[in-house]
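Coordinates in review
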Amino acid sequence: MAHTPVAVSAPGKVLLAGGYLVLDRAHTGLVFGLDARIHIVAQPIHTTPGVSLNEITVTSPQFVNAVWEYGYRRQSDGGINITQLSIDADLGLNKNPFIETALAYALNYIATTSSPNITPAAVTILADNDYYSTSGAATEPGSTRFYNFRVPLSQAHKTGLGSSAALVTSFTAAILSYYLPKESFDLSTDIGKRRLHNLAQAAHCAAQGKVGSGFDVASAVYGSCLYRRFSPNLLTNHTEPGTVGFAKQIKAIVDEVDGAPKWDTEIRKNEFKVPSGLRLVMCDVSCGSQTPGMVKKVLAWRKEKPDEADTIWAELQNANDGLAAEMKTLAESQGTRDYTALKKCFTRIRTAIRTMSEKSDVPIEPPSQTSLIDACEAIPGVLGGVVPGAGGYDAISLIIEDNQATVQTLNKLFAHWKFKGEANGDEIEGKVSMLRVREEMEGVRVEDAKVYVQEIA
Ligand SMILES: Nc1ncnc2c1ncn2[C@@H]1O[C@H](COP(=O)(O)OP(=O)(O)OP(=O)(O)O)[C@@H](O)[C@H]1O
Ligand SMILES: C[C@@](O)(CCOP(=O)(O)O)CC(=O)O
């Protein structure tokens, strides 16, 4: 029996406060979901009568050569083995570890339900334009929404909005919703979201080859929130897809059954509020940093000088908590607004981040970012700015008054701003541009598959 088409989308992210701290369960991060989403549509493959396929095809039509075909086969232990098929023997395999891993994890999870009905399917990935810089991009005829970037994915310049986490989350949700009956998986319920979270975290960690803090997957599922990570050992003891017993293990981990531990992730949504009349702005700086190298160095310094690091960590956590509390107070207050306390929260966070940069000798808020954020903060209507996530030369995030005048003044500043960045030890000049994204409270959601008919034809 063929399944009905489904569509699901999940938001991108920015870690406004709590970079590095959030890697440790003793601390939390303030993560914004963004209105740039990754959309997944799953539908039946229409085959000629008599031809039988065991194939799931995944296409990302905004990029060149972005098609991945997988054959699937049931194993004797009840799990599912997937193999990538080569479309063109001369081209070799064009691997996409995030898609392949998310598919393997989702199908093995599905295989553990009674009478799973896995049939051939076509899956389409559509990313909102702001995930990538748009030079050379064009809108598809008939579509005003998704750009054709005209390059292979490997050449697309990412803007750091968490494409892989939004992709793995929406892809996993789409595959589960497509193949499982509502009684087994329903995205609109708390338990459905919890299981999606657990499965997407497991797949994302496996695909990236490390257990990170998971704030990106958490915000893709739950939207903007205060986040405390799960204990990393939840994900360090299972086997890999294709090995005997994997399906049962992943089922136990995700559903927290058969002796598997409970996930201790904390998602606090009611402590996270954006005051009306304010908004988040994201600015892309065209000189990227190497996040993994920075994380390693900061953690090595913390290990070497625990007392020095812990004092800064404690100050930063207090400052971050202060920012969340002040945003909530403003959101719940009535009458005229006074932003003095909010501005002080940003100053306090930035001071602690600069101390962390200096002590660890990692350019988390390097001097060129300090000048840029200072210039932004001098504009009326800008309430504060930070280097988000791991920091470095990548991006800045601002909280501003939500009006045209502030946005226009910022754009004028960026038009002439010459950013001094660094690449491989050399000084380079970069440009700053404002992305069109803003914050969004909602996480993963079911969409109407008919809306994407133009793009998936
Ligand atoms: N539109 C897409 N179609 C198919 N695969 C995609 C798409 N967007 C991202 N991916 C997958 O995600 C990978 C990028 O993940 P990576 O974690 O490096 O970036 P990111 O999540 O955007 O990074 P950051 O954490 O800096 O925001 C790509 O190499 C590809 O495998
Ligand atoms: C440094 C870290 O805390 C945040 C990295 O954030 P981003 O990838 O720069 O958005 C790492 C993590 O939380 O996994």
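Just so we're clear, the structure is a prediction, and the values are computed from it rather than from any experiment.

Okay, the pairing of strand β6 (residues 121–127) next. Burial analysis of β6 places six of its seven residues in the buried class, which makes it a mostly covered element. Here strand β2 (residues 29–44) runs beside β6; their pairing, made up of seven bridges, is antiparallel. Its bridge partner lying in β6, His 39 is registered against Leu 126.

To continue, consider the UniProt feature "domain: GHMP kinase N-terminal" (unreviewed entry) in the chain. Within the UniProt annotation, "domain: GHMP kinase N-terminal" (unreviewed entry) is assigned to residues 157–223. Annotated as residues 157–223, this span is 66% helix and 0% strand, and its ends, taken at the C-alpha atoms, are 24 Å apart.

Read from one edge of the open sheet, four strands run β12-β13-β11-β16, paired in antiparallel fashion. Two strands bound the open sheet, and with one partner strand each, they are β12 (382–386) and β16 (432–434). Pairs of neighbouring strands in the sheet enclose a mean axial angle of 25°, with direction left out of account. Pairing between strand β11 (residues 278–285) and strand β13 (residues 395–401): seven bridges, direction antiparallel. In the sheet register, Leu 280 faces β13, and the bridge partner there is Ile 399. Running at roughly 20° to β12, helix α8 (residues 340–360) makes contact with β11, β12 and β13 of the sheet.

All right, on to the site of ligand 2 then. Taken together, Lys 13, Leu 15, Gly 19, Tyr 20, Val 22, Leu 23, Ser 213, Phe 215, Val 295, Gly 389 and Ala 390 make up all the residues around ligand 2. Between Tyr 20 and ligand 2, the recorded distance is 2.9 Å, taken from a backbone N or O atom to an oxygen atom. Between Ser 213 and ligand 2, the recorded distance is 2.6 Å, taken from a side-chain N or O atom to an oxygen atom. Alone, ligand 2 offers 390 Å² of accessible surface; in the complex the protein occludes 80% of this.

This brings us to helix α2 (residues 163–179). The first and last C-alpha atoms of α2 sit 24 Å apart over 17 residues, in line with the 24 Å expected at 1.5 Å per residue. When you tally the buried positions in α2, you get 15 out of 17 residues, the bulk of the element.

This part covers helix α4 (residues 215–222). An α-helix turns once every 3.6 residues. As a result, residues three or four positions apart point the same way. The element α4 is extensively covered by neighbouring structure, given that eight of its eight residues are classed as buried. Residues of α4 that are buried: Phe 215, Asp 216, Val 217, Ala 218, Ser 219, Ala 220, Val 221 and Tyr 222. Those residues of α4 that are buried are in contact with β1 (6–17), β2, α2, α3 (190–208), β9 (225–228) and β10 (266–268). Directly after α4, the chain includes Gly 223, whose backbone phi takes a positive value near 80°.

A common way to express how large an interface is: the accessible area buried when the components associate. Domain assignment breaks the chain into domain 1 (6–269 + 441–456) and domain 2 (278–438). Distance between the C-alpha centres of domain 1 and domain 2: 29 Å. Listed per partner, the contact involves 26 residues of domain 1 and 29 residues of domain 2. Between domain 1 and domain 2 the total buried area reaches about 2,300 Å² when both faces are included, carbon and sulfur atoms providing 65% of it. Here Arg 436 makes a salt bridge to Asp 130, at a shortest N to O gap of 2.8 Å. Counting across the domain 1 and domain 2 interface gives eight residue pairs in polar contact (both at pLDDT 80 or more). Secondary structure elements with two or more residues in the side of domain 1 that touches domain 2: β1 and β2. A per-element tally of the side of domain 1 that touches domain 2 places β2 first, with six residues.

Now for the side chain of Gln 201. Within the secondary structure, Gln 201 sits in helix α3. Looking at Gln 201, the relative accessible area reads 1%, which means it is buried. Polar side-chain contacts of Gln 201 include one of 3.0 Å to the backbone oxygen of Gly 214. In this view, Gln 201 contacts Gly 214, Val 217, Ala 218, Tyr 227, Phe 230, Leu 235 and Trp 263; residues no more than four positions away in its chain are not counted.

Going through the model one piece at a time under the given rule, you end up with 27 salt bridges. Arg 25 serves as the salt-bridge partner of Asp 264, at 3.5 Å between the closest nitrogen and oxygen. Here Asp 264 is found in the loop between α5 (246–255) and β10, whereas its partner Arg 25 is found in the loop between β1 and β2, with 239 residues between them in sequence. With a relative accessible area of 22%, Asp 264 lands in the partly exposed category. A relative accessible area of 28% places Arg 25 in the partly exposed class. The partner of Arg 438 in a salt bridge is Glu 439, with the nearest N and O atoms 3.1 Å apart.

In the vicinity of ligand 1 there are 16 residues, among which Ser 60, Tyr 132, Lys 158, Gly 162 and Ser 163 approach most closely. Between ligand 1 and Tyr 132 there is a distance of 2.7 Å, counted from a nitrogen atom to a side-chain nitrogen or oxygen. Taking 650 Å² as the accessible area of ligand 1 by itself, protein coverage stands at 76%. Broken down by element, the residue count for the shell around ligand 1 peaks at three residues, all from α2.

Conventions we followed
- Residues numbered from 1 in each chain as written.
- Chains lettered and ligands numbered in written order.
- Predicted model: local features only at pLDDT ≥ 70, side-chain atom pairs only at ≥ 80, totals over all residues.
- Heavy atoms only, no water.
- Buried < 20%, exposed > 50% of the residue type's maximum accessible area, 1.4 Å probe, protein only.
- Helix = DSSP H or I, 4+ residues; strand = E, 2+ residues; numbered from the N terminus.
- Pairing = 2+ DSSP bridges.
- UniProt positions renumbered as here; feature names shortened; annotations may be inferred.
- Axes fitted to C-alpha atoms, helices over the stretch in contact; angles between N-to-C directions.
- Contact = heavy atoms within 4.5 Å.
- Near = heavy atom within 4 Å.
- Polar contact = N/O pair within 3.5 Å; in protein donor to acceptor, adjacent residues only side chain to side chain.
- Areas by Shrake-Rupley, 256 points an atom, 1.4 Å probe, with all protein chains shown as cover.
- Expected span 1.5 Å × (residues − 1).
- Domains from an automatic or database assignment.
- Buried area = accessible area lost by both parts, 1.4 Å probe.
- Salt bridge = Lys/Arg side-chain N within 4 Å of Asp/Glu carboxyl O.

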